[in-house]
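Coordinate analysis (summary)
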Amino acid sequence: MQLANSKWQVDAAHSHITFTVKHMMISKVRGSFSKFDAEIDADPENLTGASISFNIEVPSIDTDNEDRDNHLRSADFFDAEQYPEIRFKSTEIRQTADGEYDVKGDLTIKGTTKQVVFEAEYGGRATNPWGQEVVAFEAEGKINRKDFGLTWNQALETGGVLVGEDVKLKIELEATAGQPDTAEAEEESL
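Everything in this summary refers to the structure shown in the same document. It should be emphasised that the depicted structure is a prediction, and the values quoted were computed from it without experimental measurement. (Residues numbered from 1 in each chain as written. Predicted model: local features only at pLDDT ≥ 70, side-chain atom pairs only at ≥ 80, totals over all residues. Heavy atoms only, no water.)

Topic: the packing of aromatic side chains
Aromatic ring pairs are defined here through the distance separating the ring centres and the angle between the ring planes. The line we're drawing: Pairing of aromatic rings covers Phe, Tyr and the six-membered ring of Trp, with a centre-to-centre limit of 6.5 Å; geometry is then stacked below 30 degrees between planes, edge-to-face above 60, and tilted otherwise. Helix and strand definitions here come from DSSP, where helices need a minimum of 4 consecutive H or I residues and strands a minimum of 2 consecutive E residues; each element is numbered from the N-terminal end. For the exposure calls, accessible area comes from a 1.4 Å probe over protein chains only, and a residue counts as buried if that area is under 20% of its type's maximum, exposed if over 50%, partly exposed in between.
Tallied over the entire structure, the rule returns six aromatic pairs. For the pair Phe54 and Phe88, a centre-to-centre distance of 5.1 Å together with 20° between the ring planes defines the contact as stacked. Separated by 34 residues along the polypeptide, Phe54 in strand 5 (residues 46-57) and Phe88 in strand 7 (residues 85-97) bring together distant segments of the chain. Accessibility classification places Phe54 together with Phe88 in one group, the buried group.

See the structure below:
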């Protein structure tokens, strides 16, 4: 059954925005953002006519290391005090296979906007215990952090640098049709 375009509310308790970046050129640092919201106006079974945007609160960055998180919030990296949000707005969505899409859009980090492409996959839909339609999506993309003014680094004595340039982003969203009731949303997050 094909759904009409409608607004979907992101369920933050069941959604994640994560990233990985090379550390010392040999391992990876993983992190996430715990506070974000998104606006999805779509037929989830056919995203080609969708409008998708999200905002991430930079101060919510978490790499399981408070000193590193504070450094990432500083002017050396995100400058969270001056640029507290990362924003994305889709500009074109092209289907590449059944349930798979290239989502092109404008990504703004630290006051710089660049066009990026996320490879997205529709995970399916279901009805939750409260009778609400629920859909799921996953999207992955890669950016060069230097393109967005995140240029801090440190040379290593053995050659190379401390922090890699490429950052892999992964977005996993679960969304419900309409605004969930607060009590139900709290129960559902358990």
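There's more to say after this.
Section: the pairing of strand 11 (residues 163-177)
Just so we agree on the cut-off: For two strands to be treated as a pair, DSSP must find at least two bridges joining them.
Across three bridges, the pairing between strand 1 (residues 6-10) and strand 11 is antiparallel. Bridge pairing links Trp8 to Ala177 in strand 11. Of the strand pairs in this sheet, strand 2 (residues 16-23) and strand 11 are connected by seven bridges, and their pairing is antiparallel. Bridge assignment links Thr20 to a residue of strand 11, and that residue is Lys168.

Examining the pairing of strand 8 (residues 100-109)
The buried fraction of strand 8 is high, at seven of ten residues. One ladder, built from nine bridges, connects strand 7 with strand 8; its direction is antiparallel. Counted as the bridge partner of Lys89 is Asp106 from strand 8. In this structure, the hairpin formed by strand 7 and strand 8 is closed by a connection of two residues, where Gly99 is found at a positive phi of approximately 75°. Here strand 8 pairs with strand 9 (residues 112-127) via ten bridges, running antiparallel. Looking at the pairing, Glu100 lines up with Glu121 of strand 9. With antiparallel pairing between neighbouring strands as the criterion, strand 8 and strand 9 make up a hairpin whose turn holds two residues, including Lys110 at a positive phi of roughly 55°.

What about the nonpolar core?
Operational definition: Among buried residues, the Ala, Val, Leu, Ile, Met, Phe, Trp, Tyr and Cys ones that are joined through side-chain atoms within 4.5 Å form a nonpolar core.
Judged by nonpolar contacts, the single largest core of 45 residues is most densely connected at Phe33, Phe78, Ile86, Leu107, Ile109, Phe118 and Ile143. Ranked by residue count, the leading element in this core is strand 11, at six residues.

So far we have only geometry, and geometry alone does not tell us how the molecule works.
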